[in-house]
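# Notes for the structure review
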Amino acid sequence: MNMTEITFSRDALLADIGNAAYVAADVEEGSTESHRLHQTFDICQEDNIERIDRLLSLAYSEARLRLLPVIAKGSGHRRRLSDVEAEKRDRRLRLCLPENGKEIRAAGIRDAVHEFLIARVVGWWLSVTLPASAGAWKERGDRLGESLEAIAAEASITRAGTTVCRRACSPF
């Protein structure tokens, strides 16, 4: 069983988070007070970046928990935890996936985790700046989280050497 490592670039995540928040604020423009929109547009600016890094760390921890059945053993981070400074780093997942369809599963996990991180952070941010828009992002994050759990469960079953048997319904 080979390990697969997926890296999530902090810069790429921040760019996508900023773009999503910009679109959310732009859609609301004209229907809400300008200061609230200004706060939404500025999600990844210097004054807010530490908070966004903390939210990104929280979302990443949630993604790891949802993928627990396929997280490679020994891939935990052994370091002293502190809330003094947010983590400003790329995130890496080491996964233990079955050989059968490993590349497809890895690509699906990569894309789903990336979108999950964005949805969680944008949803949490919008819950403060544009509460009416936050629900859609929360729902999107929930659906992506369920998808991650399903992928991990299926990969775990396949890795264990058992397969899911699907039979067509027939009266005979």
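Since we're looking at a predicted model, the values are computed, not measured.

## A short note on the nonpolar core
Residues Leu67, Leu93, Leu95, Val113 and Leu117 are the most contacted members of the largest nonpolar core, which totals 41 residues. At the level of elements, strand 1 (3-8), helix 1 (10-28), helix 3 (49-66), strand 2 (91-96), helix 4 (102-129) and helix 5 (131-159) are the ones that each hand at least two residues to this core. In contact with Leu117, other than residues within four places in its own chain, are Leu13, Leu56, Ala59 and Tyr60.

## Details of the packing of helix 3 against helix 4
At a minimum axis separation of 9 Å, helix 3 and helix 4 run at an interaxial angle of 135°. Regarding the angle of helix 3 to helix 4, the classification is oblique. Crossing geometry of helix 3 relative to helix 4 is assigned as right-handed. Contacts between helix 3 and helix 4 pair Arg51, Ile52, Leu55, Leu56, Leu58, Ala59, Tyr60, Glu62, Ala63 and Arg66 from the former with Val113, Phe116, Leu117, Arg120, Val121, Trp124 and Trp125 from the latter. Residues of the contact of helix 3 with helix 4, tallied by class, amount to 13 nonpolar, no polar and four charged.

## Topic: the side chain of Asp53
Looking at the secondary structure, you find Asp53 in helix 3. By relative accessible area, Asp53 is classed as buried at 0%. A polar contact of 2.8 Å, which involves the side chain of Asp53, links it to the side chain of Arg10.

## What to know about the environment of Asn2
Following the sequence through the fold, Asn2 ends up in the segment before strand 1. Considered as a pair, Asn2 and Lys102 are 100 residues apart in the sequence and their alpha carbons are 9.2 Å apart. Those residues in contact with Asn2 that lie beyond four places of it in its chain are Leu95, Cys96, Leu97, Glu99 and Lys102.

## Some details on the confidence of the model for the chain
Residues with a pLDDT of 70 or more make up 74% of the chain, whose mean pLDDT is 82. Ranking the helices and strands of the chain by mean pLDDT puts helix 4 first, with 93, and helix 2 (residues 34-41) last, with 62.

Conventions and cut-offs
Every residue gets a number counted from 1 within its own chain, in the order that chain's sequence is written. For a predicted model such as this one, the threshold for reporting local features is a pLDDT of at least 70, and the threshold for listing and counting side-chain atom pairs is 80 or more; totals across whole chains, interfaces and linings nevertheless cover every residue. Think of the side-chain values as coming from all heavy atoms in the structure, minus any hydrogens and water. In this description, a nonpolar core means a group of buried Ala, Val, Leu, Ile, Met, Phe, Trp, Tyr and Cys residues linked to one another through side-chain atoms lying within 4.5 Å. Throughout, exposure labels follow a simple rule: accessible area from a 1.4 Å probe, protein chains only, divided by the maximum for the residue type, with under 20% read as buried, over 50% as exposed, and the rest as partly exposed. By the criteria applied, helices consist of DSSP H or I runs no shorter than four residues and strands consist of E runs no shorter than two, each listed in order from the N terminus. We call two residues in contact whenever any of their non-hydrogen atoms come within 4.5 Å of each other. Fitted lines through C-alpha atoms serve as axes, helices being fitted only where they are in contact, and the angles separating the N-to-C directions of these axes extend from 0 to 180 degrees. In what follows, roughly perpendicular refers to angles from 65 to 115 degrees, roughly parallel to angles under 35, roughly antiparallel to angles over 145, and oblique to any angle outside these ranges. Crossing handedness is read from the near helix: turned anticlockwise from the far helix by less than a right angle, it gives a left-handed crossing, and turned clockwise, a right-handed one. The classification used treats Ala, Val, Leu, Ile, Met, Phe, Trp, Tyr, Cys and Pro as nonpolar, Asp, Glu, Lys and Arg as charged, and all other residues, Gly among them, as polar. Polar contact is the term for a pair of N or O atoms within 3.5 Å; when the atoms are in protein, one must be able to donate a hydrogen and the other to accept it, and sequence-neighboring residues count only if both atoms are side-chain atoms. pLDDT expresses how confident the predictor is about each individual residue, on a scale running from 0 to 100.

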